[in-house]
Amino acid sequence: QVQLVESGGGLVQAGGSLRLSCAASGRTFSSSVMGWFRQAPGKEREYVAVISPSGITTNYADSVKGRFTISRDNAKNAVDLEMVRLNSEDTAVYYCAARRGLVRLSSRDYDYWGQGTQVTVSS
C-alpha cells in the first residue's frame, strides 16, 4: 500500500515562489510514475506535471511550463514541485499522485493520492 503526504503549501504574493514536497511510503515508489495535479474551487482537478520512474522524463501543462519544475529522489521516496513566478491562476489545492508503468497525464490513470496542500497566491 502506497501512502503520499504533501507539504509546503501556503500563502504567497504574486510573483513569489514555493516548493512543494511529497513524501511516499511504500516499496514501489522507485518504479512509479509520479504526478502533480491541482484543483481550484468549483473547477475540475487538472494536470500540472509528471515525472518518470527514473526521473529522466518530465512533462508540464502549458499553463506552468517554464515556471514549475518537478523532481524526484528515489532514495528518499520523495518528489518535489518547485514553483516560481506564481500568479492568481495558480491558487488551488495541489495533490501528489502515483501510478505504475507508463507516463500518463490524466488524473483517472493514477491509483494513489495524497491529501493535498493549499497554495494561495495573493495579488
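Residues numbered from 1 in each chain as written. Predicted model: local features only at pLDDT ≥ 70, side-chain atom pairs only at ≥ 80, totals over all residues. Heavy atoms only, no water.

Here we look at the side chain of R72
Tracing the backbone through its elements, the reader meets R72 in strand β7 (residues 68-73). Buried and unpaired, R72 has no salt bridge, with D73 as the nearest side chain of opposite charge at 8.2 Å. A distance of 2.8 Å separates a polar side-chain atom of R72 from the backbone oxygen of F29. Within the local environment of R72, its side chain forms a polar contact with the backbone oxygen of S52, the two atoms lying 2.8 Å apart. Those residues within four positions of R72 in sequence are excluded, and the remaining contacts are F29, S30, S32, V33, M34, I51, S52, P53, G55, A78 and V79. (Helix = DSSP H or I, 4+ residues; strand = E, 2+ residues; numbered from the N terminus. Buried < 20%, exposed > 50% of the residue type's maximum accessible area, 1.4 Å probe, protein only. Lys, Arg positive; Asp, Glu negative; His and termini not counted. Salt bridge = Lys/Arg side-chain N within 4 Å of Asp/Glu carboxyl O. Polar contact = N/O pair within 3.5 Å; in protein donor to acceptor, adjacent residues only side chain to side chain. Contact = heavy atoms within 4.5 Å.)

A word on the environment of Q13
Summarising the element assignment, Q13 is placed in strand β2 (residues 10-13). For the pair Q13 and S25, spaced 12 residues apart in the sequence, the C-alpha separation amounts to 32 Å. Ignoring any residue separated from it by four or fewer positions in sequence, one finds Q13 in contact with V121 and S122.

A look at the nonpolar core
Counting 34 residues, the largest nonpolar core has M34, W36, F68, L81, M83 and Y94 as its most contacted members. Secondary structure elements with two or more residues in this core: β3 (18-25), β4 (32-39), β5 (46-51), β7, β8 (78-83), β9 (92-100) and β11 (117-122). (Core = buried A, V, L, I, M, F, W, Y, C linked by side-chain atoms within 4.5 Å.)

Topic: the packing of aromatic side chains
How two aromatic rings sit relative to each other is set out by the distance from centre to centre and by the angle between their planes. Scanning the model with the defined rule gives 5 aromatic pairs in all. A centroid spacing of 5.1 Å and a plane angle of 55 degrees characterise the contact between F37 and W113, whose relative ring orientation is tilted. With F37 in strand β4 and W113 in strand β10 (residues 112-113), the pair connects residues that are 76 residues apart, well separated along the chain. Judged by its relative accessible area of 1%, F37 is buried. Judged by its relative accessible area of 27%, W113 falls in the partly exposed class. Residues Y110 and W113 carry aromatic rings whose centres are separated by 6.4 Å and whose planes lie at 65 degrees to one another, so their mutual orientation is edge-to-face. Note on Y110: relative accessible area 5%, which makes it buried. Three or more aromatic residues link up through ring pairs in this structure, and these residues are F37, Y47, Y95, Y110 and W113. The residue whose ring lies beneath R45 is W113, and the NZ or CZ to ring-centre distance is 4.8 Å. Lying across the ring of F29, R72 places its NZ or CZ 4.6 Å from the centre. (Phe/Tyr/Trp six-rings, centres within 6.5 Å; stacked < 30°, edge-to-face > 60°. Lys NZ or Arg CZ within 6 Å of the ring centre and 35° of its normal.)

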